[in-house]
Amino acid sequence: MAEIDELIKLLNKAVIANYGEDLDQIKELIRLLSKIKENKITIDELEDAYLKAKNLDIKYEEFNDLLYYFNPIYIKYKRIIHNDEVKEIRKNNQKKREVK
């Protein structure tokens with residue numbers, strides 16, 4: 001979780017520095033990182049956060065390490081979400097077999 005906190009601090013500094021047209025994108029990424037921290041994120045939101053981080057990483061020199069720090073978080077939580085979905089599918093399939 002420390003990695004997420006560090007990314008949020010970095011992005012909050014960017015909000016203070018006022019990046020103009022990308023300010024909403026930065027705020028949205030902060031919101032999504034907070035959801036990741038709380039384990040309340042969907043796969044679509046995780047993908048959206050990745051794309052926002054990638055865009056900022058490419059567009060601004062100040063964010064050139066953003067993906068370096070975000071990628072491990074992305075991979076970890078994508079795996080968690082995937083495993084949860086697989087468990088749910090297996091559980092449903094088992095229920096279907098029991099009914100037959």
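Residues numbered from 1 in each chain as written. Predicted model: local features only at pLDDT ≥ 70, side-chain atom pairs only at ≥ 80, totals over all residues. Heavy atoms only, no water.

**So, the overall build of the protein chain**
Counting its regular elements, the protein chain contains four helices and zero strands. Starting at the N terminus and ending at the C terminus, the protein chain contains elements arranged as α-α-α-α. Computed over the C-alpha atoms, the radius of gyration of the protein chain is 17 Å, more than 25% above the 13 Å expected from 2.2 N^0.38 for a compact globule of 100 residues. Its C-alpha atoms put the protein chain at 60 × 25 × 20 Å along the principal axes. (Helix = DSSP H or I, 4+ residues; strand = E, 2+ residues; numbered from the N terminus. Rg over C-alpha atoms; globule rule 2.2 N^0.38 Å.)

**A few points about the pattern of salt bridges**
If charged atoms from side chains of opposite charge come close, those side chains can pair. Under the counting rule described, the total for this entry stands at eight salt bridges. Among the salt bridges present, the one from K59 reaches E21, with a minimum N-O distance of 2.7 Å. Linking K59 in helix 3 (residues 43-59) with E21 in the loop between helix 1 (2-17) and helix 2 (23-37), this pair joins segments that are 38 residues apart in sequence. A salt bridge links D22 to K59; the nearest nitrogen and oxygen atoms lie 2.9 Å apart. A residue pair is termed long-range when its members are at least 10 positions apart, and D22 in the loop between helix 1 and helix 2 and K59 in helix 3 qualify at 37 residues. (Salt bridge = Lys/Arg side-chain N within 4 Å of Asp/Glu carboxyl O.)

**Looking at the nonpolar core**
With 26 residues, the main nonpolar core has L33, I36 and F63 as its most contacted residues. Breaking this core down by element, the ones donating at least two residues are helix 1, helix 2, helix 3 and helix 4 (66-99). Apart from residues lying up to four places away in sequence, I36 is in contact with I4, I41, L46, F70, I73 and Y77. (Core = buried A, V, L, I, M, F, W, Y, C linked by side-chain atoms within 4.5 Å. Buried < 20%, exposed > 50% of the residue type's maximum accessible area, 1.4 Å probe, protein only. Contact = heavy atoms within 4.5 Å.)

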